[in-house]
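Chain by chain, the residues run as shown.
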Amino acid sequence: MTSREIHMVTGAFGFSGKYIAGRLLDAGHEVRTLTNSPDRENPFEGQVKAYPYNFDDPEKLVQSLTDVSVLYNNYWVRFNYKDFSYNHAVENSLKLFDAAKNAGIKRIVHISITNPSEDSPFEYFSGKAKLEKALIGSGLSYAILRPAVLFGKEDMLINNIAWFLRRFPVFGVFGDGKYRLQPIHVDDLAELAVEQGRTVKNVILDAIGPETFTYRELAQAIGKTIGKRRPIISIAPDMGYFLGIFVSFLHHDVTITRDEIEGLMADLLYTGSPPAGRIKLTEWLKEHASSVGRHYRSELARRRDKVKSYDRL
């Protein structure tokens, strides 16, 4: 592929999309973004032009993708809510794939999840599997990246675990807490995505970091690093869910869902693959120990406020 191309990133003003867009700009490409928040603070000083998704207007969606060489797709939702759902996310993603093909895009780099399965009882994982199947069958060149947990300055999971540890005398893990996670730094994922955007071979890669933790070990590591060692206790999943509802009420958010708890406990955020990232969470935590978890991060606040940057929400 040529050195100067147009690359499209979904959600370039958000979390993972921002890091992918930054690396593409550094590589000398023209970068555009598809977004639900075209007025959000642009961290690239106007270098990235924003287009609305236009899922309900296929012609406009195709127009926004015309002349684009590679599409990096981060579009998804974390849970079902009153004005968004997994079903809509799947439908919209399929529209995006169709538009990409009609626009003549050469390759799609698609962000999925570890251990997707159409037979999964969890809509997050079954929906991701449906999209992988559709992309594989589309005839487009593809790279499918399967991260487990992302961490970085704007992340939510690691930050909010630290927030709990800073404010409560104990920390509860669901069940025995022995289910595993393999966090990858968001910039490692971005590097992998951009690398795959340069090739044409169809690949599916587990995008996991260099460290594996049980959930209990993860909480212990975060607490130790931020100076908030707390007793780690086992709690029933239902109790954990209802505690999450309480925190959700206080912050007008959805802190955790039943599916997220059960997906964690089913060990779906672990694979036996070699690491694809280099940055260790333990080392990153040491560098950011004074700031991580200082403020609660709200998924719904990011959806309500379409102007502020993610690191200010």
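The structure contained in this document is the topic of the report that follows. Keep in mind that this is a model prediction, so the values were computed, not measured.

Observations regarding the overall build of the chain
Tallying secondary structure elements over the chain gives 11 helices and 13 strands in all. Taking 313 residues into account, the globule formula puts the C-alpha radius of gyration at 20 Å, and the chain, at 19 Å, falls close to it. Projecting the C-alpha coordinates of the chain onto the three principal axes gives extents of approximately 55 × 40 × 40 Å. Taking all 313 residues of the chain together, the buried fraction comes to 55%. Of the contacts formed within the chain by residues at least 6 apart in sequence, a portion of 78% connects residues at least 24 apart. For the chain, the accessible surface area stands at approximately 14,300 Å², while carbon and sulfur atoms represent 51% of it.

A word on unusual backbone geometry
Although it is not a glycine, N54 sits at a positive phi angle of roughly 55°. Here N54 shows up in the loop between β3 (49–52) and α2 (58–65). Given a relative accessible area of 27%, N54 falls into the partly exposed group. The phi dihedral of H252 falls on the positive side, at around 55°, and the residue is not glycine. Tracing the backbone shows H252 in the loop between α8 (237–251) and α9 (258–265).

What to know about the environment of L281
Inspection of the secondary structure assignment puts L281 in helix α10 (residues 281–287). Ignoring sequence-local partners within four residues, the contact set of L281 consists of F151, I158, P183, E211, F213 and L218.

Things to note about the packing of aromatic side chains
Inspection of every chain in the model, using the stated rule, returns 21 aromatic pairs. Relative to F125, the ring of Y124 has its centre 5.8 Å away and its plane inclined at 50°; by these criteria the two rings are tilted. When its relative accessible area of 7% is taken as the criterion, F125 is described as buried. In this structure an aromatic cluster arises from ring pairing among W76, Y86, F122, Y124 and F125.

Remarks on the pattern of salt bridges
Counted under the stated rule, the structure contains 15 salt bridges. Within the structure, one salt-bridge network assembled from shared partners comprises R78, E260, E299 and R303.

Points about the side chain of T271
Tracing the chain through its elements places T271 in the loop between α9 and α10. A polar contact of 3.2 Å, which involves the side chain of T271, links it to the backbone nitrogen of S273. Excluding its chain neighbours within four sequence positions, the residues that come into contact with T271 are T114, N115, Q182, D206 and I208.

Observations concerning the sheet that holds strand β1 (residues 6–10)
Where strands meet in a sheet, backbone hydrogen bonds hold them as pairs that are either parallel or antiparallel. Spatially, β3-β2-β1-β4-β5-β6-β11 is the arrangement adopted by the 7 strands of the open sheet, whose pairing is parallel. With partners counted over all chains shown, the strands left at the sheet margins are β3 and β11 (203–207), one partner each. The mean angle between the axes of side-by-side strands here comes to 20°, regardless of whether they run parallel or antiparallel. Bridge count for β1 against strand β2 (residues 30–35) is 5 bridges, and the pairing is parallel. Looking at β2, one finds that T10 is bridged to L34. Taken strand by strand, helix α4 (residues 123–136) contacts β5 (107–111), β6 (141–147) and β11, and its axis lies near 160° from that of β6.

Parameters at a glance
- Residues numbered from 1 in each chain as written.
- Predicted model: local features only at pLDDT ≥ 70, side-chain atom pairs only at ≥ 80, totals over all residues.
- Heavy atoms only, no water.
- Helix = DSSP H or I, 4+ residues; strand = E, 2+ residues; numbered from the N terminus.
- Rg over C-alpha atoms; globule rule 2.2 N^0.38 Å.
- Buried < 20%, exposed > 50% of the residue type's maximum accessible area, 1.4 Å probe, protein only.
- Contact = heavy atoms within 4.5 Å.
- Areas by Shrake-Rupley, 256 points an atom, 1.4 Å probe, with all protein chains shown as cover.
- Phe/Tyr/Trp six-rings, centres within 6.5 Å; stacked < 30°, edge-to-face > 60°.
- Salt bridge = Lys/Arg side-chain N within 4 Å of Asp/Glu carboxyl O.
- Polar contact = N/O pair within 3.5 Å; in protein donor to acceptor, adjacent residues only side chain to side chain.
- Pairing = 2+ DSSP bridges.
- Axes fitted to C-alpha atoms, helices over the stretch in contact; angles between N-to-C directions.

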